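Okay, here's what each chain looks like letter by letter:
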Amino acid sequence: QVQLVESGGGLVQPGGSLRLSCAASGFVFSSVAMSWYRQAPGKEREPVGHIDRTGGSTKYADSVKGRFTISRDNVKNTVYLQMNSLKPEDTAVYYCIRCLPTVNAMCIPFGSWGQGTQVTVSS
């Protein structure tokens, strides 16, 4: 069955960095685009960004652009989220999920949400 397991979260100080990983199995990883989402306390789940199936193109939400980088390794079946210059407002549970690219450069998530990994940015 399809499985997406996020890891790498933790507690970090403002201005710090963290790299999240998402290990995928149960589908042809190299054939699908992947997205990162996050859900902060008291807020709706929101997109962070996505990467195309080859890793040649990425898109990011305005709130993280210039600070976060998405990459993927299609041999290891893993997608990454490198987070730099972290802010308290980045505190959230982070999720990865498959997505379908659209003509307007969005990527629509599909499938079930996993457990996610907690990122806490605090002094």
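As shown above, the structure is provided for reference.
Residues numbered from 1 in each chain as written. Predicted model: local features only at pLDDT ≥ 70, side-chain atom pairs only at ≥ 80, totals over all residues. Heavy atoms only, no water.

Colleague: Which residues make up the pattern of salt bridges, and what are the values?
Modeller: For the structure shown, the criterion picks out 3 salt bridges. Salt-bridge contacts for R38 lead to D90; the nearest nitrogen and oxygen are separated by 2.9 Å. A residue pair is termed long-range when its members are at least 10 positions apart, and R38 in strand 4 (residues 33-39) and D90 in the loop between strand 8 (78-83) and strand 9 (92-101) qualify at 52 residues. Of the two residues, R38 and D90, both sit in the buried class. (Salt bridge = Lys/Arg side-chain N within 4 Å of Asp/Glu carboxyl O. Helix = DSSP H or I, 4+ residues; strand = E, 2+ residues; numbered from the N terminus. Buried < 20%, exposed > 50% of the residue type's maximum accessible area, 1.4 Å probe, protein only.)

Colleague: Hey, could you go over the state of the cysteines for me, with residue numbers and the actual values?
Modeller: Per the stated rule, a full pass over the model turns up 2 disulfides. Two residues, C22 and C96, share a disulfide whose sulfurs are 1.8 Å apart. Residues C22 and C96 are joined by a disulfide whose S-S torsion is about 60°; by sign, that bridge is right-handed. Remark: C96 occurs in strand 9 and C22 occurs in strand 3 (residues 18-25); sequence separation between them is 74 residues. Each member of the pair, C22 together with C96, is buried. (Disulfide = S-S within 2.5 Å.)

Any link to function would need more than the numbers given here.
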